[in-house]
Amino acid sequence: MKSKFLADFKAFAMRGNVIDMAVGVIIGGAFGKIVSSLVNDIIMPLIGIVVGGVNFTDLKWVITPASVDEAGNEIAESTLNYGTFIQSTIDFLIIAFSIFVMVRVITKITTRKKAEEEAAPAPAPEPSNEEKLLAEIRDLLKEKK
């Protein structure tokens with residue numbers, strides 16, 4: 001029973017779609033890191049300069065300020081980090097736009113290939129045996145005249 005389970009799992013894992021999906025997930029993770037770096041290190045500092053030197057990751061609403069209890073333990077502040085949310089939203093929009101552009105380019109390429117295949121004339125079908133025989137009879141009759 002154990003070997004059937006492993007055989008079934010191997011058949012599942014080695015299907016083309018599963019492998020393609022795994023490659024897509026890996027590439028997507030790397031692409032996400034690139035986009036996050038683009039947003040964090042290039043776009044957001046430029047936007048911060050445009051809006052007056054604001055660092056979006058520092059934008060937050062303090063719900064409860066930091067304090068020290070009677071025992072001398074520091075209690076961290078409670079915050080609503082809306083700047084991080086803005087930055088994540090910009091990350092998402094850039095990733096979504098990039099995927100849209102990639103899908104659009106791939107669609108245009110595949111549509112163009114299909115149009116070229118349809119535009120190319122199909123090779124003339126080879127004549128059937130009956131047509132060949134009729135052509136021979138025609139040629140013989142032409143020779144006799």
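Structure: see above.
A few points on the structure. A quick note: this is a predicted structure, and the numbers were derived from the prediction, not measured. (Residues numbered from 1 in each chain as written. Predicted model: local features only at pLDDT ≥ 70, side-chain atom pairs only at ≥ 80, totals over all residues. Heavy atoms only, no water.)

Where nonpolar side chains cluster on the molecular surface, the patch consists of Phe-97, Phe-100, Val-101, Val-105 and Ile-109 and spans about 460 Å² of accessible area. By secondary structure assignment, the location of Phe-100 is in helix α3 (residues 82-119). (Patch = residues over 30% accessible without salt bridge, like charges linked within 9 Å, V, L, I, M, F, W, Y side chains within 5 Å. Areas by Shrake-Rupley, 256 points an atom, 1.4 Å probe, with all protein chains shown as cover. Salt bridge = Lys/Arg side-chain N within 4 Å of Asp/Glu carboxyl O. Helix = DSSP H or I, 4+ residues; strand = E, 2+ residues; numbered from the N terminus.)

Here we come to the nonpolar core. In terms of nonpolar packing, the biggest core is built from 5 residues, these being Val-35, Val-39, Met-44, Phe-56 and Ile-94. Ranked by residues supplied to this core, first place goes to helix α2 (residues 16-50) with 3 residues. Residues in contact with Val-39, not counting those within four places in the same chain, are Met-44, Pro-45, Gln-87, Ile-90, Asp-91 and Ile-94. (Core = buried A, V, L, I, M, F, W, Y, C linked by side-chain atoms within 4.5 Å. Buried < 20%, exposed > 50% of the residue type's maximum accessible area, 1.4 Å probe, protein only. Contact = heavy atoms within 4.5 Å.)

Here we take up α3. Its 38 residues give α3 an end-to-end C-alpha distance of 55 Å, which sits within 8% of 56 Å, the value for a rise of 1.5 Å per residue. For α3, the complete set of buried residues consists of Gly-83, Gln-87, Asp-91 and Ile-94. (Expected span 1.5 Å × (residues − 1).)

Here we come to the pattern of salt bridges. By the definition in use, this model includes 4 salt bridges. We note a salt bridge from Glu-77 to Lys-60, for which the minimum N-O separation is 2.9 Å. With Glu-77 in the loop between β3 (74-75) and β4 (78-80) and Lys-60 in the loop between α2 and β1 (61-64), the pair connects residues that are 17 residues apart, well separated along the chain. Its salt-bridge partner being Lys-132, residue Glu-126 comes within 3.4 Å of it at the nearest N-O pair. Given the relative accessible area of 36%, Lys-132 is considered partly exposed.

Another aspect to go through is the environment of Gly-28. Residue placement: Gly-28 occurs in helix α2. Residue Gly-28 is classed as partly exposed on the basis of its relative accessible area of 37%. When the C-alpha positions of Gly-28 and Ile-95 are compared, they lie 9.6 Å apart, and in sequence the two are 67 residues distant.

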